[in-house]
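Geometric and topological summary
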Amino acid sequence: MPLSPGVDVPAYIIAAVLGIVLCFWGLQLSRFIASLTLAAVLGYLTYTYTYTAFNSIALAVIFMLIAIAIGFAFGFTFFRLGLSIIFGYMIASIITRSIIGFRETALIVILTIAFAILVYVLSRYVIALLFVATGSALLYKSLVVLGLSQTISLIVVIIIAATGIYNQIKTKI
């Protein structure tokens, strides 16, 4: 099957490789990923709320840089907790924006804490499953866009996902 015009082949190849890496070694890379992600999220949220509160770009940037440093250190030191907070916030945001239809700050905070606790308690397995799911989705989308049939892509992804989840759960961090 020929590729659609305008398909960025190198980008989909990189996405497929990234998907395989996440399937097999996502849990092992989670400390680094947690550091970067928590730093980015805390930096963004701090910038957004500081700018809203003080209406000053300079203060927002200063507080954002401090939050990035704290987020990176916190994410590296307490990576499971950091990932739990990030996933809790993502789940809370999806629920409040998509399902409920409004964005109430107090509700987001309460749901973030609740989901973060749930993810933390189940973190070893949940985080491994989330990395495998993310990697599998990247791989499947990439293979289909690159011209492999959906059925063959699904079979390849299922095999890689099963092997990847086994590899991640059997390996200690």
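This section reports on the structure supplied with the text. All figures in this text were calculated on a predicted structure; none of them were measured in a lab.

Concerning the packing of helix H2 (residues 30-54) against helix H4 (residues 79-100)
Contact geometry for H2 and H4: axes closest at 9 Å, N-to-C directions at 50°. In terms of axis orientation, H2 runs oblique to H4. Two packed elements cross with a definite hand, and for H2 against H4 that hand is left-handed. Where H2 abuts H4, its residues Ser30, Arg31, Ala34, Thr37, Leu38, Val41 and Leu45 lie against Phe79, Gly82, Leu83, Ile86 and Tyr89. For the contact of H2 with H4, a count of residues per class yields eight nonpolar, three polar and one charged.

A few points about unusual backbone geometry
Most peptide bonds adopt trans geometry, and most residues besides glycine take a negative phi value. Residue Asn55 is not a glycine yet carries a positive backbone phi of 55°. Looking at where Asn55 falls in the secondary structure, it is placed in the loop between H2 and helix H3 (57-77).

A few points about the side chain of Ser84
Note on placement: Ser84 falls in helix H4. The buried category is assigned to Ser84, whose relative accessible area is 0%. Setting aside anything within four residues of it in sequence, one finds Ser84 in contact with Ala116, Val119 and Tyr120.

Things to note about the nonpolar core
The biggest cluster of nonpolar side chains holds 20 residues, and the ones touching the most others in it are Cys23, Leu83, Ile127, Phe131, Val132, Leu139 and Ile160. Contributing elements (two or more residues each) for this core: helix H1 (9-25), H4, helix H6 (123-145) and helix H7 (150-170). In terms of residues, this core owes the most to one element, H6, which gives six residues.

Details of a nonpolar patch on the surface
A cluster of nonpolar side chains, namely Phe54, Leu59, Ile62, Phe63, Ile66 and Ile70, defines an oily patch on the protein surface of about 560 Å² accessible area. Here the nonpolar patch gets five residues from one element, more than from any other, and that element is H3. For Phe54, a relative accessible area of 52% corresponds to the exposed category.

Rules used in this analysis
- Residues numbered from 1 in each chain as written.
- Predicted model: local features only at pLDDT ≥ 70, side-chain atom pairs only at ≥ 80, totals over all residues.
- Heavy atoms only, no water.
- Axes fitted to C-alpha atoms, helices over the stretch in contact; angles between N-to-C directions.
- Helix = DSSP H or I, 4+ residues; strand = E, 2+ residues; numbered from the N terminus.
- Parallel < 35°, antiparallel > 145°, perpendicular 65-115°, else oblique.
- Left-handed = near helix turned anticlockwise from the far one by under 90°.
- Contact = heavy atoms within 4.5 Å.
- Nonpolar A, V, L, I, M, F, W, Y, C, P; charged D, E, K, R; others polar.
- Buried < 20%, exposed > 50% of the residue type's maximum accessible area, 1.4 Å probe, protein only.
- Core = buried A, V, L, I, M, F, W, Y, C linked by side-chain atoms within 4.5 Å.
- Patch = residues over 30% accessible without salt bridge, like charges linked within 9 Å, V, L, I, M, F, W, Y side chains within 5 Å.
- Areas by Shrake-Rupley, 256 points an atom, 1.4 Å probe, with all protein chains shown as cover.
- Salt bridge = Lys/Arg side-chain N within 4 Å of Asp/Glu carboxyl O.

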